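# Descriptive structure summary
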Amino acid sequence: MLQVKNIEKYYGSKNNVTKALDRVSFDVAKGEFIAIMGASGSGKTTLLNCISTIDTVSAGDILLDGESIAKLPAGELARFRRERLGFVFQDFNLLDTLTIEENIGLALSLNHVDPRDVRRRVKAAAQKLGIEDILEKFPYQVSGGQKQRAACARAMVAGQSLLLADEPTGALDSKSSKNLLEILSRMNEDMSATILMVTHDAYSASYAGRILFLKDGRIFNELLRGERSRSDFYHEILDVLALLGGDISDVI
């Protein structure tokens, strides 16, 4: 589904250039749940920004379902994000002037989907995520965990190809974080959602099936969960993070 091909990303001017990504390559198959980890400055957020078309690559290419993201004309980027990508971010990105129901169905409404179909799809997604009782409320009237569930519903309701999650548990308490991770896991297992999640947290990463570790803009290591328990996978993740060096508090 997703192909990242030798991408590089530079920041700065001619005399002061920083290389944030250094020939990063990997593939993501449909239905995979992949976590990206690394210390601060490793390039993980830059990588997600390039995949989400928030930022552009300096070299290389990114393809989603065979279509080059890196070469999309500026005028098509908003439509591409709306139709092909789902987003779950740390700060929820819900609009306070819209109800939870309107927030979840916003992308569908912008794509001129029939309002009756929008309502049906929103209710179905909300029921799966256990938030059907807050659809008429506004974001400021619900908890952080409920906001993040609404963000997940918004990401899944339009049937986008790829769900991108950037530190999705960062603003949640431990109970809400666990609930959200279980929701993402169910979306992956029961609905074949393809998920790419950036996280600094080993516990969150242990819910993924594969982990890519970045260091200095390059892929340093890769772990596959396979048939191991999540507990065993968690401890193996900690071992790799220790090998990354530096201040381990930056990455766990």
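The structure reproduced in this document is the subject of the present report. Note that the coordinates shown come from a computational prediction; the quantities given were computed from them, not determined experimentally. Once a new chain begins, its residue numbering starts again from 1 and follows that chain's sequence as written. With pLDDT at 70 or above as the cut-off, local features in this predicted model cover only qualifying residues; side-chain atom pairs require 80 or more to be listed or tallied, and sums for whole chains, interfaces and linings still use all residues. Side-chain calculation: all heavy atoms of the structure are included, whereas hydrogens and water are not.

### Focus: the pattern of salt bridges
Oppositely charged side chains are able to pair whenever their charged atoms sit close together. Salt bridges are defined by distance alone: a side-chain nitrogen of Lys or Arg within 4 Å of a carboxyl oxygen of Asp or Glu. Going through the model one piece at a time under the given rule, you end up with 14 salt bridges. As a salt-bridge pair, Lys 9 and Asp 55 come within 3.1 Å of each other at their nearest N and O atoms. In this pair, Lys 9 is assigned in strand S1 (residues 2-13) and Asp 55 in the loop between helix H1 (44-51) and strand S4 (59-64), connecting sequence segments 46 residues apart. Judged on exposure class, the residue Lys 9 and its partner Asp 55 are both buried. For Arg 210, the salt bridge goes to Glu 32, with nearest N and O atoms at 3.0 Å. Of this pair, Arg 210 sits in strand S9 (residues 210-215) while Glu 32 sits in the loop between strand S2 (16-28) and strand S3 (33-37); the two residues are 178 residues apart in sequence, bridging distant segments of the chain. For every residue, the accessible area (1.4 Å probe, protein chains only) is compared with the maximum for its type, and the residue is labelled buried under 20%, exposed over 50%, or partly exposed between those bounds. For Arg 210, a relative accessible area of 8% gives the class buried. Among the charged side chains, a salt-bridge network with shared partners connects Glu 8, Lys 19, Asp 22, Arg 23 and Arg 218. Only DSSP runs of H or I with at least four residues qualify as helices, and only runs of E with at least two residues qualify as strands; both kinds are numbered from the N terminus onward.

### Section: the packing of helix H5 (residues 115-128) against helix H6 (residues 144-157)
Two numbers describe how H5 lies on H6: the axes approach to 9 Å, and their chain directions differ by 130°. Taken together, H5 and H6 sit at an angle that is classed as oblique. Crossing angle aside, the handedness with which H5 passes H6 is right-handed. On H6, the residues touching Arg 121, Val 122, Ala 125 and Lys 128 of H5 are Ala 153, Met 156 and Val 157. Note that Gly is not counted as nonpolar here; it falls among the polar residues with everything else outside the nonpolar set of Ala, Val, Leu, Ile, Met, Phe, Trp, Tyr, Cys and Pro and the charged set of Asp, Glu, Lys and Arg. Partitioned by chemical class, the residues of the contact of H5 with H6 number five nonpolar, no polar and two charged. Working convention: axes come from line fits to C-alpha atoms, limited for helices to the stretch in contact. Angles between N-to-C directions cover 0 to 180 degrees. Comment on the angle field: the value is read as roughly parallel under 35 degrees, roughly antiparallel over 145, roughly perpendicular from 65 to 115, and oblique elsewhere. By convention, the crossing between two helices is left-handed when the near helix turns anticlockwise from the far helix through less than a right angle, and right-handed when the turn is clockwise. A contact between two residues is defined here by any heavy atoms of the two lying within 4.5 Å.

### As for the sheet that holds strand S10 (residues 218-224)
Paired strands, as defined in this entry, are two strands with at least two bridges between them according to DSSP. Pairing within the open sheet is mixed, and its six strands lie in the order S6-S7-S8-S3-S9-S10. With one partner strand each, in any of the chains shown, strand S6 (85-89) and S10 form the two edges of the open sheet. If you compare each strand with its neighbour and ignore which way they point, the axes differ by 20° on average. As paired strands, S6 and strand S7 (residues 162-166) are joined by five bridges and run parallel to one another. Each bridged residue has a counterpart across the sheet, and for Val 88 the counterpart in S7 is Ala 165. Lying on the sheet, H1 is in contact with S3, S6, S7, strand S8 (195-198) and S9; it crosses S7 at an angle near 150°. Contacts from helix H9 (residues 230-244) reach S3, S9 and S10 within the one sheet, and its direction differs from that of S10 by about 160°.

### Structural notes on the sheet that holds S4
The strand order S2-S1-S4-S5 describes an open sheet built from four strands, whose pairing is antiparallel. The sheet is open, and its two borders are formed by S2 and strand S5 (67-68), each paired with just one other strand. As paired elements, S1 and S4 share five bridges and run antiparallel to each other. Bridge pairing links Val 4 to Ile 62 in S4. Its contacts with the sheet place H1 against S1, S2 and S4, and it is angled at close to 65° to S2.

### Observations concerning the layout of surface pockets
By volume, the largest pocket is sized at about 380 Å³. Considering the residues around the largest pocket, the lining is formed by 16 residues, among which Arg 82, Phe 87, Leu 106, Ala 107 and Arg 154 are closest to the centre. Breaking the lining of the largest pocket down by element, the ones donating at least two residues are helix H2 (74-84), S6, helix H4 (106-110) and H6. Residue contributions to the lining of the largest pocket peak at four residues, all from S6. The class makeup of the residues in the lining of the largest pocket is nine nonpolar, four polar and three charged. Only protein atoms enter the 1 Å grid used here. Points where a 1.4 Å probe fits but cannot escape make up a cavity, open sets with protein on both sides within 12 Å along at least five of seven lines make up a pocket, and a residue lines them when an atom lies within 4 Å of a point. Grid points are joined across faces, edges and corners, and a volume is the space filled by probe spheres set on the points.

### Digging into the nonpolar core
Within soluble globular proteins, side chains that are nonpolar tend to cluster in buried spots. Side-chain atoms within 4.5 Å link the members of a nonpolar core, which is a set of buried Ala, Val, Leu, Ile, Met, Phe, Trp, Tyr and Cys residues. With 48 residues, the main nonpolar core has Ile 104, Leu 184, Ile 211, Phe 213 and Ile 237 as its most contacted residues. Per-element accounting of this core gives the leading share, seven residues, to H6. When near neighbours in sequence (up to four residues on either side) are disregarded, Ile 211 contacts Ala 35, Met 37, Ala 205, Asn 221, Glu 222, Leu 223, Phe 233 and Ile 237. One finds Leu 21, Ile 34, Ile 51 and Ile 62 within the second-largest nonpolar core, a separate group that totals 29 residues.

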